[in-house]
Amino acid sequence: MARISSAPREVRRPSRTAGRSGQGKVALPLVAPAMILTAVFFFVPMILSLVWSFTTYNGMIPATWNGVTNYTDLASDSVFRTAIWNTAVYAVVTLAIGPALGLGTALLLNRGVRAQGVFRSIFFLPVTLSLVVVGTMWKVLLADDGFINQCLALVGVQGPSWLNDPSTSLLAVSLASVWAGFGFETVIFLAALQGVPRDLYEAAALDGAGRYRSFRAVTMPALRPTLVFVYVVGIIGSLQVYDQMYVMTRGGPLKSTTTIVYYLMERFQRFDLGTASAAAYVLVVVLALLSAVQLKLARRNS
Amino acid sequence: MKTSGKALSIGLLTSALFLAGCSSPSDSGGGEASSSASGTVTVWDYYGEATPLKASIEEFSEAHPEITVDYQAFDYESLHSKFPVAVAAGEAPDLATVDMTWIPSLAANGLLGDLADVSQGMLNGEPLEDQYSDGANEAMHYDGQLVTALYDFDAYALYYRKDVLDAKGIDVPATWDEFIDATAAMAERPSDGAAPTKYGFAVQPDTFHYSQYLFQNGGSILDSDLQEAVVNEDAGVEALDYMQSLLTEGGGIYWPDASTQIAGIKSEQIGMFINGPYMMGVLKAGVPEQSGDWAVAPAPIGEQEGSYLGGTGLVIPTGAKNSTAAWELAQWLLQPDQQAYVYTAAGAAPATNAALELPALSASDPYFGGQAPFSVFKDAMATATHFPYVATWGDIDSAIADGVTSVLLGKESAQSALDSAAQTANAALGG
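Definitions and cut-offs
- Residues numbered from 1 in each chain as written.
- Chains lettered and ligands numbered in written order.
- Predicted model: local features only at pLDDT ≥ 70, side-chain atom pairs only at ≥ 80, totals over all residues.
- Pairing = 2+ DSSP bridges.
- Helix = DSSP H or I, 4+ residues; strand = E, 2+ residues; numbered from the N terminus.
- Axes fitted to C-alpha atoms, helices over the stretch in contact; angles between N-to-C directions.
- Contact = placed C-beta atoms within 7 Å.
- Domains from an automatic or database assignment.
- Core = buried A, V, L, I, M, F, W, Y, C linked by C-beta atoms within 7 Å.
- Buried ≥ 20, exposed ≤ 12 C-beta atoms within 10 Å, placed from the backbone.
- Nonpolar A, V, L, I, M, F, W, Y, C, P; charged D, E, K, R; others polar.

Residues and elements named next belong to chain B. Taken in spatial order, the five strands of this open sheet run E11-E10-E12-E9-E13, and their pairing is mixed. At either margin of the open sheet sits one strand with a lone partner, and together these are strand E11 (252-254) and strand E13 (294-297). Neighbouring strand axes in the sheet, compared pairwise and without regard to direction, differ in orientation by 30° on average. Relative to strand E12 (residues 270-275), strand E9 (residues 157-161) is paired through four bridges, and the arrangement is antiparallel. Residue pairing in the sheet places Tyr-159 in a bridge with Phe-273 of E12.

Structure representation (structure tokens):
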């Protein structure tokens, strides 16, 4: 037995090594263009940006080292603090409503609805639209005399000046983003739901589980990896939000829709590349920490 | 309108060609420099589709076969972000159109060449400074250097629906007090206290429009040494209070989004606004059905006349490879007959004194009921001043705009909002 089991190993080992070095010779030139492009357009700018975050670089005159001043300036900048708050509010609103709406829609569609494909396409359609198109469309709908306020007027409610009032602007942009994005979650949840084995539901039914009980005991555990994926992708996306703010409100009024990325883009446009890079790295660290916590929680739960 | 505009440009083109044919080599654009200028000139232009440069450059290329022009079009934002980086990286164009509000940050970083070197103080054979207004000459200098030659200018005047004003028997307002009354009388509201739904005056919460009232009230944004913000002094506070009173006592409509202004004009929600000469072109293209209904008057004054001065400047960056030929082209673009394209192609206002005297610009304009609106902007330019030339102007501009927005939304008092703006401005100035 020992001889038989060790023999293939001895045979395999050299052949695998020979194959690897042979493949390596062929593979290296094939992957080199992609590697070089990734290095030039991804890693080099990342490292440069990290270096700039410790300098006064403005893209025009040589950079001067200024230690952690950009980071301490950020900590004392009330606009940056507002941007962090706005980003957090946006993330909470969109991640509270978006996935819930996506899951609800997916559950409805999963109940053998006729023309399921058509509905799936309809819900997914906004995801395929450019955020500039979505932003422009909602800007028109949310105008003072726009469709939304005209509908509210029909039921005797005078709608607010959604995008011009600092107390409603962030909510309005967040809800427009939910509309644009929840179709993605619908499709992902629907695919996951269709992958849950039928026999689990049958077994649960035999054990006397009702609809709610089988949702909690069968559906939710089966959806957990999908939920983690949706939230990881959702948090990364919502913390990087920029397009909607640029199109709908330009970060205003009174910085009420200035997010972290909007803030750093503004610094870039004013050629304050040091501060902009520092803000970008603060965001990278926050995203990395949040993603790590989420993945750890997901692993513990599973 | 389209036919007459076309006829006008054909007429101008014919007269330009005729003049080019008649003039001797020494008095054609550039004069003696033309003998030494040759090679390729790279031009970066942010004007967009309606650029007046293209037509001018085509004629320049015919008149100067020894110079090849490599014309590259950019949009406004792209040129703003690419120009400084390209110049710093040694890949500067030879000539570029830039917004005058960019001048401080570009010049402070040493990206703009001194035009005095290449021009020797002369423009098309005449002293350069004699060919611009005092305000324009001042705006073209940074730290004693001639960093740009103004190509088109922006200074504010009052646009109003003359047909409505006449029908309601309202006189054209000349002072701040008359202006509040006129806007109140002109605006139509669904009920007392409601915002105007017709013929309102657009109150725009930005630094450009606030400065109109600030300068007219004898105020300034920074002190004369550009060391400290003075926008929160009495003149500034009064100006902002006045701006707010246009909303509370006059017929003002809060209009924060400039991109929707033309829609407001089309729906007749806006019947009056204050803006620069480029809006003449925007109105003609955007609301041709209101032809004959509009007129332009000097902006109603407070203590004194005054406006912000902006526009487009021609710059030759440091590191330009062919600055001699670039100046040759710049001079061509600043000849009166070429400057006419600024009006005919872009609907904007050419900047040189001679161009402002062109018959085409003083002709009666049917869109403005036979008025010759250019003279109004020309007068506005005479008393206009540019924004302070400090490298961190972007931060100061944003702080003031936020202060103005805050007051117009009723969030805080003018004094408190401008104190905050001044504090931010002082921090940006390094104080």
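Bringing the environment of Gln-331 of chain B into the picture now. Among the secondary structure elements, Gln-331 of chain B is positioned in helix H14 (residues 323-333). Measuring from C-alpha to C-alpha, the distance between Gln-331 of chain B and Leu-123 of chain B comes to 6.2 Å, with 208 residues separating the pair along the chain.

On to the sheet that holds strand E1 (residues 39-45) of chain B. Residue and element names in this part refer to chain B. Taken in spatial order, the six strands make up an open sheet running E2-E1-E3-E15-E8-E16, and their pairing is mixed. Lying at the two open borders of the sheet, with one neighbouring strand each, are strand E2 (67-73) and strand E16 (349-350). The strands touched by helix H3 (residues 53-63) are E1 and E2; relative to E2, the strand with the most contacts, the crossing angle is about 165°. Sheet strands touched by H14: E1, E2, strand E3 (95-99), strand E8 (149-154) and strand E15 (310-315). Its angle to E1, the strand with the most contacts, is close to 55°.

Residues and elements named next belong to chain B. The domain boundaries assigned to chain B delineate domain 1 (2-154 + 310-357) and domain 2 (157-308 + 389-428). Here the C-alpha centroids of domain 1 and domain 2 sit 31 Å apart. Each partner contributes residues to the interface: domain 1 has twelve residues there, and domain 2 has twelve residues. For the side of domain 1 that touches domain 2, the element with the most residues is helix H5 (residues 103-108), which contributes four residues.

Turning our eyes to something else, we now look at the nonpolar core. Residues Val-203 and Leu-329 of chain B are the most contacted members of the largest nonpolar core, which totals 141 residues. Among the domains, domain 1 (2-154 + 310-357) and domain 2 (157-308 + 389-428) of chain B are the pair contributing at least three residues each to this core. Every residue in contact with Val-203 of chain B, bar those within four places of it in the chain, is listed here: Met-243, Leu-246, Leu-247, Gly-252, Ile-253, Tyr-254, Trp-255 and Leu-408 of chain B. By size, the runner-up hydrophobic cluster in this structure holds 35 residues, among which are Trp-52, Trp-138, Leu-163 and Leu-273 of chain A.

All names here are of chain A. Running from N to C, helix H3 (residues 78-109) and helix H11 (residues 260-269) point in directions that differ by 145°, and their axes come no closer than 8 Å. Listed contacts from H11 to Val-79, Phe-80, Ala-83, Ile-84 and Thr-87 of H3 are Ile-260, Tyr-262 and Tyr-263. Along the lines of polarity and charge, the residues of the contact of H3 with H11 split into seven nonpolar, one polar and no charged.

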